[in-house]
Amino acid sequence: TLSDKLESVFKKLRGQGVMTEDNVKEALREVRLALLEADVNFKVVKDFIERVREKAVGTLVLQSLSPGQQVVKIVHDELVALMGGGEDNSLDLAAKPPVSIMMVGLQGAGKTTSCGKLAKLLKSQRRKPLLVPADIYRPAAIEQLKILGRQLSIEVFDSQADQKPVDICSKALKYAQLSGFDTVIFDTAGRHQIDDYLMDELVQIREAAEPREILFVADAMTGQEAVNVAAGFDERLGITGVVLTKLDGDAKGGAALSIKAVTGKPVKFVGLGEKLDALEVFHADRLVSRILGMGDVLTLIEKAQSTFDTKEAERLQKKLKKSNFDLDDFKAQLQQLKKMGSLESIMGMIPGMGKMMKQMQGAQPSEKELKRIEAIIDSMTRQERANHQMINGSRRLRIAKGSGTSVQEVNQLLKRFTEAQKVVKQLQKLGPKGLMKGMGKGM
Ligand code: GDP
Ligand code: MG
């Protein structure tokens, strides 16, 4: 699988901290191949890879994840975003009934079957659909839809093959209005390829049917070609969404990705078989996982990310922005670091921190030291913690006594704190984005 391949690409990188231009490049070569194998259009792949490269370079390498897994995660998230994950891709039927839905696409794509499936789905949602056969060319196409309607107990308009498709559709719409149907699904004719005659007819039907949705039905097996066809239909008709059929086969579904990328129109449904219940609402993340062929990688990644207490990170982040990092924050940060692992490994994750780490070598507190530091800070007053400069000689003595330490130890701590403040200044220069990226958020 892709994750395995990336794994080996990244083996050398383990423990190196931040992803670089070079190692990301190698990984993205694998991603590129995987996408092309999944029939994603090459131009779409090119743009996509460029975007991921920008995201990945400079990203930290989370301790608990391999770099390969992290690239997979970035690729996955970007693909889901590209596929419209998180957007509302549901059918838009919010109009005065009867609402029209028009199915278009090449011959054999699965329009007629999808009409039946969609009608069944809508019926289960308590709508009252009317099916309208408007393909007068393909022999028995009208009969095919009538048979489906009978199986589903859904009425099919009595189209006649000797009528013009546009006339059939106008009549059917009037009939639906008079007979109390709230949804009308128009099944149109297809061709083996786009031609002007077909397009003119579809444009006429669109005018007669006033569809709220024009769904382009695409066969997932068509591969690279699908995107040009979709673009052609979209140009002439202005499609509103895509039904991707035959995903139950070997096709990986890369076509869907290309169609969405090129036309901007979302996939709304996927067909997963010849049976009438084999239609599902589209889930971007499922398709992307299918394309990338990944198993549990995502769960693993989520787990790793939650190790870092994001709430605490956000709090620190806010503090950093206000540029008043004080001893309370210092303590909170030390505790956070304790949770995450050694200081060194954490700092190594933050872009640009490598050099600073060298300066700070040996600044890493042990468990015992950490306890002492906490005791010292706890012995300070609130004002002292907020403003360390007021901690003079007599205060230091009092704090040492209170925490069961020595004045030297209090001095040491204050020195370490001032060093940390310097680091924080550097982090501030990175800006909030860089910082959160460094802390493993939002990747
Ligand atoms: P149309 O020419 O676009 O109307 O296509 P049809 O609806 O007649 O479908 C063409 C063929 O594809 C038929 O044999 C269907 O059973 C089959 N088909 C349609 N959708 C799917 C699907 O999601 N999965 C599978 N395996 N076959 C499908
Ligand atoms: Mg048909």
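Going by what an unreviewed UniProt entry lists, the protein chain is known as Signal recognition particle protein and is assigned to Geotalea daltonii. Its UniProt record, at the heading Catalytic activity (unreviewed entry), says of the protein chain: "GTP + H2O = GDP + phosphate + H(+)". Here is the UniProt Function (unreviewed entry) comment for the protein chain, exactly as written: "Involved in targeting and insertion of nascent membrane proteins into the cytoplasmic membrane. Binds to the hydrophobic signal sequence of the ribosome-nascent chain (RNC) as it emerges from the ribosomes. The SRP-RNC complex is then targeted to the cytoplasmic membrane where it interacts with the SRP receptor FtsY."

Caption draft 1: Layout of the overall build of the protein chain. A tally of helices and strands in the protein chain yields 20 helices and seven strands. Sequence-distant contacts in the protein chain: of pairs separated by 6 or more residues, those separated by 24 or more amount to 77%.

Caption draft 2: Quick look at the site of ligand 1. Around ligand 1, 19 residues are found, and the nearest of them are Gly110, Lys111, Thr112, Thr113 and Gly271. The element that contributes the greatest number of residues to the shell around ligand 1 is helix α5 (residues 111-124), accounting for three residues.

Caption draft 3: The arrangement of the packing of helix α9 (residues 226-237) against helix α10 (residues 254-263) in detail. Between α9 and α10, the shortest axis-to-axis distance is 9 Å and the interhelical angle comes to 40°. Relative to α10, α9 is oriented so that their crossing is right-handed. Across the interface between the two elements, Ala226, Val227, Ala230, Ala231 and Asp234 from α9 touch Ala255, Ser258, Ile259, Val262 and Thr263 from α10. Its residues placed into classes, the contact of α9 with α10 shows seven nonpolar, two polar and one charged.

Caption draft 4: Structural view of helix α19 (residues 393-403). Considered for burial, the residues of α19 that qualify are Arg396, Ile399 and Ser403. The buried residues of α19 all sit within an arc of 65° when viewed along its axis, so they share a single face. The exposed residues of α19 that point more than 90 degrees off its buried face are Gly393 and Ser394. Looking at the residues trailing α19, positive phi occurs at Gly404, about 65°.

Caption draft 5: Main features of the nonpolar core. Counting residues in hydrophobic clusters, the biggest one holds 85 residues, and the most contacted among them are Leu131, Val132, Cys169, Ile185, Phe186, Ala218 and Val242. In terms of residues, this core owes the most to one element, helix α2 (residues 21-37), which gives six residues. Residues from two domains meet in this core; each of domain 1 (2-86 + 295-304) and domain 2 (99-281) gives at least three. Aside from chain neighbours lying at most four places away, what touches Ala218 is Gly105, Ala109, Ala226, Ala230, Val242, Leu244, Thr245, Ala255 and Ile259.

Caption draft 6: Up close: helix α7 (residues 165-179). Across its 15 residues, α7 extends 21 Å between first and last C-alpha, which sits within 8% of the 21 Å expected from 1.5 Å per residue. Residues Pro165, Ile168, Cys169, Ala172, Leu173 and Ala176 constitute the buried set of α7. Here the buried residues of α7 occupy an arc of 130° about the axis, which is enough to place them on one side. More than 90 degrees from the buried face of α7, the exposed residues found are Lys174 and Leu178. Structurally, α7 contributes buried residues whose contacts are with β1 (99-104), β2 (129-134), β3 (183-188) and α8 (196-209).

Caption draft 7: Region of interest: unusual backbone geometry. Here Pro97 and Pro98 are connected by a cis peptide whose omega angle stands at 0°. On the secondary structure map, Pro98 appears in the loop between α4 (67-82) and β1.

Each value, and the rule that gives it
Residues numbered from 1 in each chain as written. Chains lettered and ligands numbered in written order. Predicted model: local features only at pLDDT ≥ 70, side-chain atom pairs only at ≥ 80, totals over all residues. UniProt positions renumbered as here; feature names shortened; annotations may be inferred. Helix = DSSP H or I, 4+ residues; strand = E, 2+ residues; numbered from the N terminus. Contact = placed C-beta atoms within 7 Å. Near = placed C-beta within 6 Å. Axes fitted to C-alpha atoms, helices over the stretch in contact; angles between N-to-C directions. Left-handed = near helix turned anticlockwise from the far one by under 90°. Nonpolar A, V, L, I, M, F, W, Y, C, P; charged D, E, K, R; others polar. Buried ≥ 20, exposed ≤ 12 C-beta atoms within 10 Å, placed from the backbone. Arc of directions from axis to C-beta. Core = buried A, V, L, I, M, F, W, Y, C linked by C-beta atoms within 7 Å. Domains from an automatic or database assignment. Expected span 1.5 Å × (residues − 1).

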